[in-house]
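Working through the structure, step by step
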Amino acid sequence: MRRLRACLAALTAVTAAAAATTALVATDASGATTALSDRWYAAAPYLMPLDNNPPDPAAIMDATGLKAFQLAFVLAPNGGGCTPTWDGTAAVSSDTAVQSTVAAIRAKGGDVSVSIGGYGGTKLGQACADPAATAAAYQQVVTKYGLHAIDFDLEEPEYENTAAIRNEIGAAKILQQNNPGLYVSVTTAGTADGTGWFGKQMLLEAKSQGFTPNNFSIMPFDGGFGGAAAQTGALTAFNQILQSTFGWDQATAYAHEGFSGMNGRSDTGEFFTQADFGTVLAYATSHDMDRFTFWSLNRDRPCTPVDNNGKTSGTCSSVAQNAWDFAKYSVTFAGATPPESTPTPTPTPTDPPTGCGTAWSATAVYTAGAEVSYAHHTWKAKWWTQNETPGAAEWGPWQDEGAC
């Protein structure tokens, strides 16, 4: 775990941020003017704009009718501190790359939400001194991009840290108060029982602080879920948890409940097809749930071969599909009609693997784009790395380019 550094002078920053809430309705540097309906922010699939071979959002919008994107992830700096960055490396304050993506989406009549946290990395709730300091860091993101929506993705390892979750929930409440109309979602891990012990503790923290977001969403994958029936069962169980925690009736709980799935092959080898998404979508709409999203648009593309060599990919789904098939379920949830799908093609056989290149070395230094061979596969470095074995970490520095 990286060392955490407390942030200073945060209360002053929050006061200044509260005075600047007009960023939500005034034109900002990314061109934000008016918001989409909440239903679009509730249907926004996740997109990594700086990693995992980012697709062109404009092309997805043209192909599917999608209007909203959930950009991921804002984290604390890898070197420590209480300032927002993309993926722990690119400071929000000096960002132009993501800002350009946001502007392009808005130019076509769409909009974005930004997701903070995710799996791995150091979260601002871990790095900042208190809820006010955490909120001040997030307010920089809201103001920079003129956000109308934000997502708190609270999962491992952060949601096991009581102080960090107190900071995150407190920050979410401050942002909600200081930015009228801001759509706030809170996403956490899913289990067969709805959510696990840490997820339930997070809900109790929200209750103790008097904080109610637009929705609490669970991620029913990576936990032995065998398709849609197991996922809808988890959503039913989670609804009961929301009822018992907040004293809501069933309908109110569903109105504050969301689903965040994973298209295709999950990290643990589960498979979720278009048919599974259709079943969960029918459940969500018939119960008037508030949110239906998935991880991720970077993966909403076919692989060749389909099984991706038995590994989970960050850039394709590992199931038979046309590009952007899964995005169309989000479009439908938002209340729009996506274009008709063409039949899913049968994967074409691939050419025989070519020869392997230079073997990976534990002592060599590799920069982004460098290619090596290891275990009869070609690997491409996503960023600077040394002595990190290709394939050892699912979301590590190496991208599998296939057999060689």
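Residues numbered from 1 in each chain as written. Predicted model: local features only at pLDDT ≥ 70, side-chain atom pairs only at ≥ 80, totals over all residues. Heavy atoms only, no water.

Looking only at helices and strands, one finds 12 helices and 17 strands in the protein. When the accessible surface of the protein is totalled, it reaches about 16,100 Å², and 53% of it is carbon and sulfur. (Helix = DSSP H or I, 4+ residues; strand = E, 2+ residues; numbered from the N terminus. Areas by Shrake-Rupley, 256 points an atom, 1.4 Å probe, with all protein chains shown as cover.)

Before going further, it helps to examine the packing of helix 8 (residues 197-209) against helix 9 (residues 228-246). Interhelical geometry of helix 8 versus helix 9 gives an angle of 35 degrees and a closest axis separation of 10 Å. Note on packing geometry: the crossing formed by helix 8 with helix 9 is right-handed. Side by side, helix 8 and helix 9 meet where Lys 200, Leu 203, Leu 204, Ala 206 and Lys 207 of the first sit next to Phe 238, Ile 241, Leu 242, Thr 245 and Phe 246 of the second. Of the residues that constitute the contact of helix 8 with helix 9, the class distribution is 7 nonpolar, 1 polar and 2 charged. (Axes fitted to C-alpha atoms, helices over the stretch in contact; angles between N-to-C directions. Left-handed = near helix turned anticlockwise from the far one by under 90°. Contact = heavy atoms within 4.5 Å. Nonpolar A, V, L, I, M, F, W, Y, C, P; charged D, E, K, R; others polar.)

What follows is about the state of the cysteines. Across all of its chains, the model carries 2 disulfides by this definition. Disulfide pairing places Cys 303 opposite Cys 316 at an S-S distance of 1.8 Å. Disulfide Cys 303-Cys 316: torsion about the S-S bond near 95 degrees, hence right-handed. Taken as a pair, Cys 303 in the loop between strand 12 (291-295) and helix 12 (327-333) and Cys 316 in the loop between strand 12 and helix 12 lie far apart in primary sequence, 13 residues in all. (Disulfide = S-S within 2.5 Å.)

Further remarks concern the packing of helix 9 against helix 11 (residues 274-286). Relative to each other, helix 9 and helix 11 sit at 25 degrees, their axes nearing to 9 Å. The orientation of helix 9 relative to helix 11 falls into the category roughly parallel. Remark: the crossing between helix 9 and helix 11 carries right-handed chirality. Residues Ala 228, Gln 231, Thr 232, Leu 235 and Thr 236 of helix 9 lie in contact with helix 11, whose contacting residues are Asp 276, Thr 279, Val 280 and Tyr 283. In terms of residue class, the contact of helix 9 with helix 11 is made up of 4 nonpolar, 4 polar and 1 charged. (Parallel < 35°, antiparallel > 145°, perpendicular 65-115°, else oblique.)

Attention now goes to the confidence of the model for the protein. Mean pLDDT over the protein stands at 87; residues scoring 70 or higher make up 86%. For residues 1-27, every residue scores under 50 in pLDDT, and the model assigns this stretch 48 contacts once sequence neighbours within four places are set aside. Segment residues 344-353 is flagged for pLDDT under 50; beyond a separation of four residues in sequence, or across chains, it makes 13 contacts in the model. (pLDDT = per-residue confidence, 0-100.)

Ranked by internal contacts, the top residues of the largest apolar core, which has 94 residues, are Phe 69, Phe 152, Phe 216 and Phe 292. Once residues within four sequence positions are removed from consideration, Phe 69 is found in contact with Ala 44, Pro 45, Leu 47, Pro 57, Ile 60, Met 61, Ile 105, Asp 111, Val 112, Ser 113 and Leu 297. Counting 6 residues, the second largest nonpolar core, distinct from the first, contains Val 372, Trp 379, Ala 381 and Trp 398. (Core = buried A, V, L, I, M, F, W, Y, C linked by side-chain atoms within 4.5 Å. Buried < 20%, exposed > 50% of the residue type's maximum accessible area, 1.4 Å probe, protein only.)

This part is about the environment of Glu 371. Summarising the element assignment, Glu 371 is placed in strand 14 (residues 371-374). Under the relative-accessibility criterion, Glu 371 is labelled partly exposed at 48%. Each C-alpha atom, one on Glu 371 and one on Trp 360, is 8.6 Å from the other, the two residues being 11 residues apart in sequence. When sequence neighbours within four positions are dropped, the list of residues in contact with Glu 371 reads Thr 378, Trp 379, Lys 380 and Glu 401.

Applying the stated criterion across every chain yields a total of 3 salt bridges. A salt bridge links Lys 108 to Asp 62; the nearest nitrogen and oxygen atoms lie 2.9 Å apart. In this pair, Lys 108 is assigned in the loop between helix 4 (97-107) and strand 5 (111-117) and Asp 62 in helix 3 (residues 57-64), connecting sequence segments 46 residues apart. Residue Lys 108 is classed as partly exposed on the basis of its relative accessible area of 41%. Between Arg 291 and Asp 151 there is a salt bridge whose closest N-O contact spans 3.7 Å. Here Arg 291, found in strand 12, pairs with Asp 151, found in strand 6 (residues 149-153); they are 140 residues apart in sequence, far enough to count as distant. The pair formed by Arg 291 and Asp 151 is uniform in burial state, with each residue classed as buried. (Salt bridge = Lys/Arg side-chain N within 4 Å of Asp/Glu carboxyl O.)

This next bit is on the sheet that holds strand 14. Overall, antiparallel pairing links the 3 strands, which are arranged 14-15-17 in an open sheet. Since the sheet does not close on itself, it has two edges, and those belong to strand 14 and strand 17 (398-403), each with one partner. Taken pair by pair, the neighbouring strands of this sheet meet at an average axis angle of 30 degrees, ignoring direction. Pairing geometry for strand 14 and strand 15 (residues 377-381), over 4 bridges, is antiparallel. When the bridges of strand 15 are listed, Ser 373 appears paired with Thr 378. (Pairing = 2+ DSSP bridges.)

Relative to the helices and strands, Pro 77 resides in the loop between strand 2 (68-75) and strand 3 (85-86). For Pro 77, a relative accessible area of 14% corresponds to the buried category. Along the chain, Pro 77 and Thr 122 lie 45 residues apart, while their C-alpha atoms are 7.4 Å from each other.

In this model, helix 11 (13 residues) spans 18 Å end to end at C-alpha, consistent with the 18 Å of a helix rising 1.5 Å per residue. Within helix 11 the residues assigned to the buried category are Gln 274, Asp 276, Phe 277, Val 280, Leu 281, Tyr 283 and Ala 284. The inward-facing, buried residues of helix 11 contact helix 9, helix 10 (250-255), strand 9 (257-262), strand 11 (271-272), strand 12 and helix 12. The first or second residue beyond helix 11 is Asp 288, which carries a positive phi of 55 degrees. (Expected span 1.5 Å × (residues − 1).)

Attention shifts here to the packing of aromatic side chains. Where two aromatic rings form a pair, the distance of their centres and the angle of their planes describe that pair. Counted under the stated rule, the structure contains 19 aromatic pairs. Taking the centre distance of 6.1 Å and the plane angle of 65 degrees together, the rings of Trp 86 and Tyr 145 count as edge-to-face. Separated by 59 residues along the polypeptide, Trp 86 in strand 3 and Tyr 145 in helix 6 (residues 131-145) bring together distant segments of the chain. A relative accessible area of 0% places Tyr 145 in the buried class. By the ring-pair criterion, three or more aromatic residues cluster together here, those being Phe 259, Phe 277, Phe 292, Phe 294, Phe 326, Tyr 329 and Phe 333. (Phe/Tyr/Trp six-rings, centres within 6.5 Å; stacked < 30°, edge-to-face > 60°.)

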